[in-house]
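# Working through the structure, step by step
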Amino acid sequence: EKDSETIVERLRMVFQELAEYRPLELLRSQRQRADYFLIKQARVVAMTSTHAAIARAHLISLGFQYDNLVVEEAGQMREIDTFIPLLLQQGETNERN
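Predicted, not measured: the structure shown is a model, and the values here were computed from it.

### Quick word on the confidence of the model for the protein
Across the protein, the average pLDDT comes to 77, with 85% of residues at or above 70. Ranking the elements of the protein by mean pLDDT puts helix α4 (residues 92-96) last with 50 and helix α1 (residues 2-26) first with 84.

Encoded structure:
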């Protein structure tokens, strides 16, 4: 009985691991995989404010969300440029448009 429980648990773990790999089978291009990891797996994302401005529309279309923002290059930027990364978060004003 213990052997069968052990086997069932091992099979459950194998199928759980396979389920985690499933999206990578479905996502064929490198871009699709990168987007998946960005949205589902990433804990820290680093980018310049210039890249944030360039990639803004794409990141919003993915539903990109963040909890905290650190502006490391703030001393080298104009004050208004520090708002660029903030525009990546789709908020109430974006939803009304």
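### Considering the environment of Leu-87
Within the secondary structure, Leu-87 sits in the loop between α3 (49-62) and α4. For the pair Leu-87 and Arg-56, spaced 31 residues apart in sequence, the C-alpha to C-alpha distance is 7.5 Å.

### Quick notes on the layout of surface pockets
The space that makes up the largest pocket amounts to roughly 600 Å³. Residue lining of the largest pocket: 25 residues in total, with Val-45, Phe-64, Tyr-66, Asn-68 and Leu-69 positioned closest to the centre. Only α2 (30-41) and α3 provide two or more residues apiece to the lining of the largest pocket. Here the lining of the largest pocket is composed, by residue class, of 16 nonpolar, five polar and four charged. In this structure, the second largest pocket encloses a volume near 160 Å³. The wall of the second largest pocket is formed by Arg-31, Ala-34, Asp-35, Leu-38, Val-45, Met-47, His-51, Ala-55, His-58 and Leu-59. Looking at the lining of the second largest pocket, the elements that each hand over two or more residues are α2 and α3.

### Thoughts on the pattern of salt bridges
Under the defined criterion, the tally for this structure stands at two salt bridges. Between Arg-31 and Asp-35 there is a salt bridge, with the nearest N and O atoms lying 3.7 Å from each other. With Arg-31 and Asp-35 both in helix α2, this residue pair falls four residues apart, about one helical turn.

### Focus on the side chain of Asp-35
Owing to a relative accessible area of 14%, Asp-35 belongs among the buried residues under this scheme. Apart from residues no more than four positions distant in its own chain, Asp-35 is found in contact with His-58 and Leu-62.

### Some details on a nonpolar patch on the surface
Judged by side-chain polarity, Ile-7, Leu-11, Val-14, Phe-15 and Leu-18 come together as a nonpolar surface patch covering roughly 480 Å² of accessible area. Among the structural elements, Phe-15 can be located in helix α1. A residue is classified by how much of its surface remains accessible, and Phe-15, at 55% relative accessible area, is exposed.

### Quick word on α3
Because each turn of an α-helix spans 3.6 residues, side chains separated by three or four positions end up pointing in the same direction. The end-to-end C-alpha distance of α3, which contains 14 residues, comes to 18 Å, matching closely the 20 Å that a straight helix rising 1.5 Å per residue would cover. Roughly 65° is the biggest bend found in α3, and it falls at Ala-55. The complete set of buried residues in α3 reads Ser-49, Ala-52, Ala-55, Leu-59 and Ile-60. Of the residues flanking the end of α3, it is Gly-63, one or two places downstream, whose phi is positive at about 85°.

Parameters and conventions
Residues numbered from 1 in each chain as written. Predicted model: local features only at pLDDT ≥ 70, side-chain atom pairs only at ≥ 80, totals over all residues. Heavy atoms only, no water. pLDDT = per-residue confidence, 0-100. Helix = DSSP H or I, 4+ residues; strand = E, 2+ residues; numbered from the N terminus. 1 Å grid on protein atoms, 1.4 Å probe; cavity = no way out; pocket = protein on both sides within 12 Å on 5 of 7 lines; lining within 4 Å. Points joined across faces, edges and corners; volume = space filled by probe spheres on them. Nonpolar A, V, L, I, M, F, W, Y, C, P; charged D, E, K, R; others polar. Salt bridge = Lys/Arg side-chain N within 4 Å of Asp/Glu carboxyl O. Buried < 20%, exposed > 50% of the residue type's maximum accessible area, 1.4 Å probe, protein only. Contact = heavy atoms within 4.5 Å. Patch = residues over 30% accessible without salt bridge, like charges linked within 9 Å, V, L, I, M, F, W, Y side chains within 5 Å. Areas by Shrake-Rupley, 256 points an atom, 1.4 Å probe, with all protein chains shown as cover. Expected span 1.5 Å × (residues − 1). Bend = angle between axes of the 7 residues up to and from the residue.

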